[in-house]
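# A structural walkthrough
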Amino acid sequence: EAKQSGRNRFRFFDVSISQKTQEAFKNIESVKQALENNELRLHYQPKVNLRNGMVIGFEALLRWQHPALGLLPPDAFLPAVERTDVIIDIGDWVIEQTLCQLRIWNAEGHHWPTSVNIAARHFQLPNFVDRLQRLLAKHSDVEPRLLDLEIVESTAIDNLEHVSQCLIDCQQMGVTFSLDDFGTGFSSLNYLKRLPAQTIKIDKSFVRDILHDKDDLALSEAIINLSRTFEREVIAEGVETDLQEKMLLAMGCYLVQGYGIAPPMPAEQVSDWATLYELTHR
Ligand code: C2E
Ligand code: MG
Ligand code: MG
Ligand code: MG
């Protein structure tokens, strides 16, 4: 009896595992299909300088224009592929798409540095530098200095030595780097010390309660001070209100990004938005 039910339980367990695997595989497949069917889009969110009212650049953020479900945010589909090579194909597509957009903006007289989010798995590839160099060569009319890579710290970096060298090699080509969601990851201070990124992004979870929570205020201030000590640029993300802007300015952080400035928008809206922003803020 016990043996019997044990075997059944085992079988049941076995079946449910394989169903889960199939489910995950389906998701991976469907995201892969989205890339192949040209259903991925980039929206661009501005970064501005509060001191002079200038638009200093943009961040490209991925969307899936799903035929049935509408516009999906990255959190709805990227986790399914984060641990697979699909995230690498998507990352290359995002870089190329951004280089194409930069060429269009350049032709209109705009030279906005634009950042893209790159998964740890992607830039840990042994041939990351070569791949990036190939993409930049293919779009050689675009200055590499206009491309910034935001290091998403959501999965741990295994080989800091290699990644650090990779950053240095990419910087030789002109590409810059930002440490995204700074302060929320596994080992932010170690990354700050070991990775020569030009910019630190204060995570929006600290910015959100900056006026009400003294710990978040203290952490934001500490990050701003760290950025000075280590001679990095600092930018606050998730800025939604005028009071948050004022508080950040008072602490010496004048580069900001957030719904309070503008949400991510399709490329077609960017030029008009930037003209209007600078007209009303300079
Ligand atoms: P992130 O890089 O930290 O991007 C900031 C996220 O905060 C974006 O969400 C943006 O729309 C949102 N945001 C901007 N301003 C505000 C604000 O004022 N308040 C609040 N509450 N949120 C704000 P989104 O576009 O949903 O992206 C989520 C995350 O997905 C990104 O976080 C990034 O880690 C990842 N991601 C986005 N695009 C890509 C991509 O092309 N490749 C990879 N690997 N990851 C991506
Ligand atoms: Mg980012
Ligand atoms: Mg971020
Ligand atoms: Mg984030």
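Let us look at the structure shown here. Since the structure is predicted, the reported quantities are computational estimates derived from the model, not experimental observations.

### Remarks on the overall build of the chain
The number of helices and strands found in the chain is 10 helices and 10 strands. Relative to its full complement of 282 residues, the chain shows a buried share of 48%. Pairs at least 24 apart in sequence give 68% of the contacts found in the chain among residues at least 6 apart.

### What to know about the layout of surface pockets
Empty space within the largest pocket amounts to approximately 1,200 Å³. Breaking the lining of the largest pocket down by element, the ones donating at least two residues are β2 (54–66), α2 (86–107), β4 (114–118), α3 (120–123) and β6 (176–182). If one sorts the elements of the lining of the largest pocket by residue count, β2 sits on top with 5 residues. When the residues that make up the lining of the largest pocket are grouped by side-chain class, the tally is 19 nonpolar, 11 polar and 13 charged. In this structure, the second largest pocket encloses a volume near 280 Å³. For the second largest pocket, the lining is made up of 16 residues, of which K47, I56, P113, D148 and T199 are closest to its centre. Listing elements by their share of the lining of the second largest pocket, those giving two or more residues are β2, β4, β6 and β8 (233–236). With 3 residues, the single largest contributor to the lining of the second largest pocket is β2. A per-class count over the lining of the second largest pocket returns 5 nonpolar, 7 polar and 4 charged.

### Some thoughts on the pattern of salt bridges
Across all of its chains, the model carries 11 salt bridges by this definition. Residue K138 is joined to E96 by a salt bridge in which the shortest nitrogen-to-oxygen separation is 2.9 Å. Placement of the pair is K138 in helix α4 (residues 128–138) and E96 in helix α2, with a sequence separation of 42 residues. Residue K201 is joined to E150 by a salt bridge in which the shortest nitrogen-to-oxygen separation is 2.8 Å. Taken together, the positions of K201 in strand β7 (residues 199–202) and E150 in strand β5 (residues 147–151) put the pair 51 residues apart, joining distant regions of the chain. Each of K47, E59, E150 and K201 takes part in salt bridges that share partners, so that together they form one network.

### Details of helix α9 (residues 242–250)
Those residues of α9 that sit buried are Q244, E245 and L248. One face of α9 carries all of its buried residues, which in axial projection span an arc of 100 degrees. Of the exposed residues in α9, those oriented more than 90 degrees away from the buried face are D242, L243, K246 and A250. Where α9 is buried, its residues touch α7 (204–208), β8 and β9 (255–256).

Analysis parameters
One numbering rule holds for all chains: residues counted from 1, following each sequence as written. Starting at A for chains and at 1 for ligands, labels are handed out in the order in which the entities are written. Whole-chain, interface and lining totals are the exception, using all residues; otherwise, since this is a predicted model, local features are given only for residues with pLDDT of at least 70 and side-chain atom pairs are given and counted only at 80 or more. For side-chain calculations, the full set of non-hydrogen atoms in the structure is used, while hydrogens and water are omitted. Numbering of helices and strands runs from the N terminus; a helix is a DSSP stretch of H or I covering at least four residues, while a strand is a stretch of E covering at least two. Each residue's exposure class comes from its accessible area (1.4 Å probe, protein chains only) as a fraction of the maximum for that residue type: buried when under 20%, exposed when over 50%, partly exposed otherwise. Should any heavy atoms of two residues lie within 4.5 Å, those residues are considered in contact. Residues are called lining when one of their atoms sits within 4 Å of a cavity or pocket point, these points coming from a 1 Å grid over the protein atoms alone, where a cavity is a set in which a 1.4 Å probe fits but cannot get out and a pocket is an open set with protein on both sides within 12 Å along at least five of seven lines. Grid points are joined across faces, edges and corners, and a volume is the space filled by probe spheres set on the points. Here the term charged refers only to Asp, Glu, Lys and Arg, the term nonpolar to Ala, Val, Leu, Ile, Met, Phe, Trp, Tyr, Cys and Pro, and the term polar to all other amino acids, Gly among them. The term salt bridge refers to a side-chain nitrogen of Lys or Arg lying within 4 Å of a carboxyl oxygen of Asp or Glu. Of all possible arcs, the one meant is that of the directions from the helix axis to the C-beta atoms.

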